[in-house]
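Now for the letters of each chain:
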There are 2 protein chains.
Amino acid sequence: MRISLLVTAMLVALALAVGAQAKEAPMTSQHPIAIVIHGGAGTITKESMTPELEREYRAALTQALKAGYAVLEDGGRAVDAVQAAIMVMEDSPLFNAGRGAVFTRGGLNQLDASIMNGATLEAGAVAAVQHVRHPIKLAWTVMSESPHVMLVGEGAENFAWAHGFPYTPASWFYTERRWKSHIEGLKTLKSTSAGTPAKIPGAKAYVYDTVGAVALDRDGHIAAGTSTGGLTNKLDGRVGDSPIIGAGTYANDATCGASGTGTGELFIRLNLTKSISDLMAMKGWSLEKAANYMIHDRLVELGGKNTGGVIALDAEGHIVAPFNTPGMYRGWIGTDGELTVKFYKDR
Amino acid sequence: MRISLLVTAMLVALALAVGAQAKEAPMTSQHPIAIVIHGGAGTITKESMTPELEREYRAALTQALKAGYAVLEDGGRAVDAVQAAIMVMEDSPLFNAGRGAVFTRGGLNQLDASIMNGATLEAGAVAAVQHVRHPIKLAWTVMSESPHVMLVGEGAENFAWAHGFPYTPASWFYTERRWKSHIEGLKTLKSTSAGTPAKIPGAKAYVYDTVGAVALDRDGHIAAGTSTGGLTNKLDGRVGDSPIIGAGTYANDATCGASGTGTGELFIRLNLTKSISDLMAMKGWSLEKAANYMIHDRLVELGGKNTGGVIALDAEGHIVAPFNTPGMYRGWIGTDGELTVKFYKDR
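As the structure is a prediction and not an experimental result, all values here were calculated from the model.

Reading the values: rules and limits
- Residues numbered from 1 in each chain as written.
- Chains lettered and ligands numbered in written order.
- Predicted model: local features only at pLDDT ≥ 70, side-chain atom pairs only at ≥ 80, totals over all residues.
- Heavy atoms only, no water.
- Phe/Tyr/Trp six-rings, centres within 6.5 Å; stacked < 30°, edge-to-face > 60°.
- Helix = DSSP H or I, 4+ residues; strand = E, 2+ residues; numbered from the N terminus.
- Lys NZ or Arg CZ within 6 Å of the ring centre and 35° of its normal.
- Contact = heavy atoms within 4.5 Å.
- Buried area = accessible area lost by both parts, 1.4 Å probe.
- Salt bridge = Lys/Arg side-chain N within 4 Å of Asp/Glu carboxyl O.
- Polar contact = N/O pair within 3.5 Å; in protein donor to acceptor, adjacent residues only side chain to side chain.
- Nonpolar A, V, L, I, M, F, W, Y, C, P; charged D, E, K, R; others polar.
- Pairing = 2+ DSSP bridges.
- Buried < 20%, exposed > 50% of the residue type's maximum accessible area, 1.4 Å probe, protein only.
- Axes fitted to C-alpha atoms, helices over the stretch in contact; angles between N-to-C directions.
- Parallel < 35°, antiparallel > 145°, perpendicular 65-115°, else oblique.
- pLDDT = per-residue confidence, 0-100.
- Least-squares fit on C-alpha atoms with pLDDT ≥ 70 in both.
- Core = buried A, V, L, I, M, F, W, Y, C linked by side-chain atoms within 4.5 Å.

Q: Would you take a moment to explain the packing of aromatic side chains for this structure?
A: Each aromatic ring pair is summarised here by two numbers: the centre-to-centre distance and the angle between the ring planes. The tally for this structure, following the rule as stated, stands at 20 aromatic pairs over all chains. Ring geometry for Tyr57 of chain B versus Phe343 of chain B: centroids 6.4 Å apart, planes at 70 degrees, classification edge-to-face. With Tyr57 of chain B in helix H2 (residues 51–73) and Phe343 of chain B in strand E14 (residues 339–344), this pair connects stretches of sequence that are 286 residues apart. Taken together, the aromatic side chains of Tyr57, Phe95, Tyr329, Phe343 and Tyr344 of chain A make up a single cluster linked through ring pairs. Directly above the ring of Trp285 of chain A sits Lys289 of chain A, whose terminal nitrogen or CZ lies 4.4 Å from the centroid.

This is how it looks when you write it as structure tokens:
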């Protein structure tokens with residue numbers, strides 16, 4: 001009788017313990033977290049860099065990674081981590097996004113950005129905005145506060161003012177380095193009018209300093225975002241892949257999140273990031289196989305080498321960052337919590 | 001001996017005949033041709049139509065089909081047939097594209113269009129243009145004459161002027177019917193400022209009169225195009241799926257061409273037309289199964305009923321036109337040369 005009482009008590013205690021654990025589980029969800037970012041792909045080689053410039057890029061990428069990761073560690077959403085990481089890079093003059101954006105044929109900074117929430121497939125995008133310091137924040141606001149996915153030009157800016165964004169003067173975006181590239185570019189185009197462009201300069205010397213981030217949060221949700229000033233000497237009003245959902249940015253909890261950098265026109269024609277997701281969903285390919293195929297096979301078939309790269313992660317936190325250019329500014333904090341920053345092939 | 005001479009002569013004649021036929025074959029390529037168009041999906045019911053209005057729609061769709069088919073019969077390219085068919089619908093005040101476009105929140109006609117060549121995956125797109133009579137022609141010109149895929153707003157218009165497009169005044173696009181819808185729409189939005197939109201009106205009463213065309217030419221090449229004024233009372237600068245490659249428009253000789261009409265935001269989030277192509281390429285689905293799945297399953301899962309439709313054709317000239325709305329203005333000339341025009345379910 002005493003023994004049976006003891007057994008009963010033990011069973012009750014066990015049941016209580018199991019119950020408590022079951023109740024607690026959703027509150028301290030232990031889904032692994034991870035974040036991966038890029039600061040553009042292109043002709044990035046050890047020879048073209050100085051130790052000082054390397055330090056600056058490393059510091060900026062590290063700061064962006066930490067800003068995004070802090071959101072994830074606090075249990076924040078992947079979309080908010082993506083926004084936080086990209087805002088840091090938009091404020092750095094090193095990258096072609098926000099401050100430091102390249103100039104259009106007409107001498108303007110016209111900025112594009114997009115963001116996608118893999119949990120809901122909600123998305124937001126803006127293009128050709130000129131007076132918004134953080135285009136990724138405006139894309140986030142279009143996603144969250146409007147019935148639309150994409151706003152462009154003056155309409156996008158009017159939406160920004162109505163939502164409390166401050167007016168940012170053109171001088172904020174100016175950097176001597178990008179202005180010089182603009183003038184150099186114009187020289188090669190002198191035989192064509194502003195409206196009748198020659199083909200864009202060969203991609204050989206191009207650096208696509210678009211920035212992007214992909215994150216996985218404690219709830220297992222994936223998000224991706226991209227922000228850019230586009231191509232030096234692009235026609236005014238040109239929109240590349242960065243603000244196009246499925247081209248430069250895509251996220252879906254069922255497959256992956258991805259952000260691209262490169263010759264935007266090719267990324268659009270290939271729906272590059274959505275294709276990675278479809279290869280995983282429809283052919284059962286791994287993230288690595290799908291991303292490598294799109295960058296090293298399909299992108300090269302359509303446009304040749306030196307056309308770009310992509311960062312991507314899947315629901316388990318696997319991270320890939322293939323590129324067909326000499327280098328790509330990139331970094332990640334994986335599910336192991338380790339921070340890595342790389343510029344060149346394999347380092 | 002005489003018989004063997006006769007046999008030899010017959011064999012020589014046969015060989016000559018076969019040789020002649022073999023030589024001639026590539027010159028008179030006999031790939032079947034076909035074209036399918038739409039003039040929008042929505043709350044299109046027999047009850048809401050008059051016999052007169054039915055006649056007008058039937059005449060306009062027939063004229064557009066014949067314009068596109070004439071190009072194909074002459075051995076012209078699918079991209080040119082698509083452009084020809086859509087230009088007819090852009091000039092008709094019946095459709096929400098070109099003349100007859102709806103008004104934005106700010107009372108503007110802002111037009112979007114795109115075109116894609118399935119033979120090369122080349123594409124062109126424009127968005128938020130206000131003074132171009134034929135946005136599809138401008139998209140065609142961006143594809144053919146610029147290094148870019150997409151131009152928006154003033155930049156797109158400057159490109160148009162430089163390429164000889166005439167300036168079209170806003171009065172060209174004005175129709176009393178669309179202005180009335182604009183005013184009616186504004187009444188329901190009166191509690192919100194221009195910059196802080198309420199959610200878009202429920203899709204129930206919506207008609208998405210976007211136009212589109214998909215064609216298959218004598219060389220077996222597929223092309224697709226779409227043109228629209230977007231949504232009534234859309235925020236100025238809003239871009240829907242029509243000018244987004246992979247969302248409202250996609251073409252690939254290896255799979256299909258497709259053009260969508262409906263709630264653009266959902267088409268963008270699903271990359272709807274590219275998804276049809278991927279289901280065929282990656283899962284081996286038929287055109288019919290893939291298009292039905294995207295319209296009746298995925299689109300309904302994400303946005304509910306009454307959200308749109310798509311027209312599509314494959315390399316063999318199979319034509320499909322599924323929609324989850326009460327009706328869709330649509331027509332085709334199949335590989336049998338028969339012309340069909342339909343408005344409602346099954347008729």
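We are not done yet, so read on.
Q: Looking at this structure, I do not really get the interface of chain B and chain A. What am I missing?
A: For interface size, the figure often reported is the accessible area lost on association. Contact residues are listed per partner, giving 49 residues for chain B and 49 residues for chain A. When the buried area of chain B at its contact with chain A is split by residue, Pro147, Arg269 and Met282 of chain B rank highest and sum to 17% of it. For the pair chain B and chain A, the interface holds zero salt bridges. At the boundary of chain B and chain A, one finds 16 residue pairs in polar contact (both at pLDDT 80 or more). The leading source of residues in the side of chain B that touches chain A is helix H8 (residues 272–283) of chain B, at six residues. The class makeup of the residues in the side of chain B that touches chain A is 26 nonpolar, 11 polar and 12 charged. Here strand E4 (residues 150–152) of chain A pairs with strand E8 (residues 238–239) of chain B via two bridges, running antiparallel. Paired with Leu151 of chain A across the bridge in E8 of chain B is Arg238 of chain B.

Q: Which parts of the structure should I look at to understand the side chain of Ser275 of chain B?
A: Secondary-structure assignment places Ser275 of chain B in helix H8. The exposure class assigned to Ser275 of chain B is buried, which follows from its relative accessible area of 2%. Engagement of the side chain of Ser275 of chain B in a polar contact is seen with the backbone oxygen of Asn271 of chain B, the distance being 2.9 Å. Setting aside anything within four residues of it in sequence, one finds Ser275 of chain B in contact with Lys274, Asp278 and Met282 of chain A together with Leu270 and Met294 of chain B.

Q: Explain unusual backbone geometry to me, please; I cannot follow it from the model alone.
A: If a residue is not glycine, its phi is most likely negative; likewise, a peptide bond is most likely trans. Residue and element names in this part refer to chain B. Backbone geometry at Leu121 places phi at a positive 60 degrees, although glycine is not the residue there. Tracing the chain through its elements places Leu121 in the loop between strand E2 (111–117) and strand E3 (122–129). A positive phi angle, near 45 degrees, is found at Asn271, a position not held by glycine. Looking at the secondary structure, you find Asn271 in the loop between helix H7 (264–270) and H8.

Q: How do you make sense of the packing of helix H4 (residues 135–145) of chain B against helix H5 (residues 153–162) of chain B when you look at a structure like this?
A: Residues and elements named next belong to chain B. Taken N-terminus to C-terminus, the directions of H4 and H5 make an angle of 75 degrees; their axes are 11 Å apart at the nearest point. When the interaxial angle is binned, H4 and H5 end up roughly perpendicular. Note on element contacts: H5 touches H4 through Ala156, Phe159 and Ala160, opposite Leu138, Thr141, Val142 and Glu145. Grouping the constituent residues of the contact of H4 with H5 by class yields five nonpolar, one polar and one charged.

Q: Sorry, what's going on with the pairing of strand E14 (residues 339–344) of chain A here?
A: All names here are of chain A. Relative to E14, strand E13 (residues 327–333) runs antiparallel, the two being bridged by five bridges. For Arg330, the partnering residue across the bridge sits in E14 and is Lys342. The turn joining E13 and E14, which pair antiparallel and follow one another in sequence, is formed by five residues; a positive phi near 80 degrees is taken by Gly337.

Q: Can you walk me through the confidence of the model for chain A in this structure?
A: Interpretation of this model should avoid reading the predicted coordinates in detail wherever pLDDT is low. Residue and element names in this part refer to chain A. On average, residues of chain A carry a pLDDT of 90, and 86% of them reach 70 or more. A low-confidence stretch, residues 15–27 (pLDDT under 50), is modelled with zero contacts involving residues beyond four sequence positions or located in other chains. Contacts of residues 191–205 to residues separated by more than four positions or lying in other chains number 31 contacts, the stretch itself having pLDDT below 50. With pTM at 0.89, the complex prediction returns an ipTM value of 0.89.

Q: Looking at this model, I keep getting lost on the relation of the copies chain B and chain A. Mind explaining?
A: Relative to chain A, chain B is turned by 180 degrees and slid 0.0 Å along the rotation axis, the superposed coordinates differing by an RMSD of 0.0 Å. Such values leave the two copies arranged in the relation of a two-fold axis. When C-alpha positions in chain B are compared against the rotation axis, the closest is assigned to Met282 of chain B, at 3.0 Å. The residues that chain B uses at the interface reappear at the interface of chain A in 100% of cases, marking a shared surface.

Q: What is the right way to look at the nonpolar core in this model?
A: In summary, soluble globular proteins display a tendency toward joint burial of nonpolar side chains. If you look at the biggest cluster of nonpolar residues, it comprises 98 residues, and the most contacted ones within it are Met150, Leu272 and Ile276 of chain A together with Met150, Leu272 and Ile276 of chain B. For Ile276 of chain B, the contacting residues outside a window of four places in its chain are Cys256, Leu287, Ala290, Ala291, Met294 and Val310 of chain B.

Q: Whenever I open this one, the sheet that holds strand E10 (residues 256–262) of chain B confuses me. Can you help?
A: Two orientations exist for strands paired in a sheet by backbone hydrogen bonds: parallel and antiparallel. Residues and elements named next belong to chain B. Here four strands make up an open sheet; going across it, the order is E9-E10-E11-E12 and the pairing antiparallel. Of all strands in the sheet, those bounded by a partner on one side alone are strand E9 (249–251) and strand E12 (319–320). Pairing of E10 with strand E11 (residues 308–314) involves seven bridges; the strand directions are antiparallel. Its bridge partner lying in E11, Ala258 is registered against Ala312. Packed on one face of the sheet, H8 meets E9, E10 and E11 and runs near 145 degrees to E10. With respect to the sheet, helix H9 (residues 287–303) is in contact with E10, E11 and E12, its orientation differing from that of E11 by roughly 165 degrees.

Q: Before we go on, may I ask you to explain the sheet that holds strand E11 (residues 308–314) of chain A in this structure?
A: All names here are of chain A. As summarised here, the arrangement of the four strands in space is E9-E10-E11-E12, forming an open sheet in which the pairing is antiparallel. Two strands close off the open sheet at either side, each with one partner strand: strand E9 (249–251) and strand E12 (319–320). Packing against the sheet, helix H8 (residues 272–283) makes contact with E9, strand E10 (256–262) and E11, and its axis sits at approximately 145 degrees to E10. Along the sheet, helix H9 (residues 287–303) makes contact with E10, E11 and E12, crossing E11 at roughly 165 degrees.

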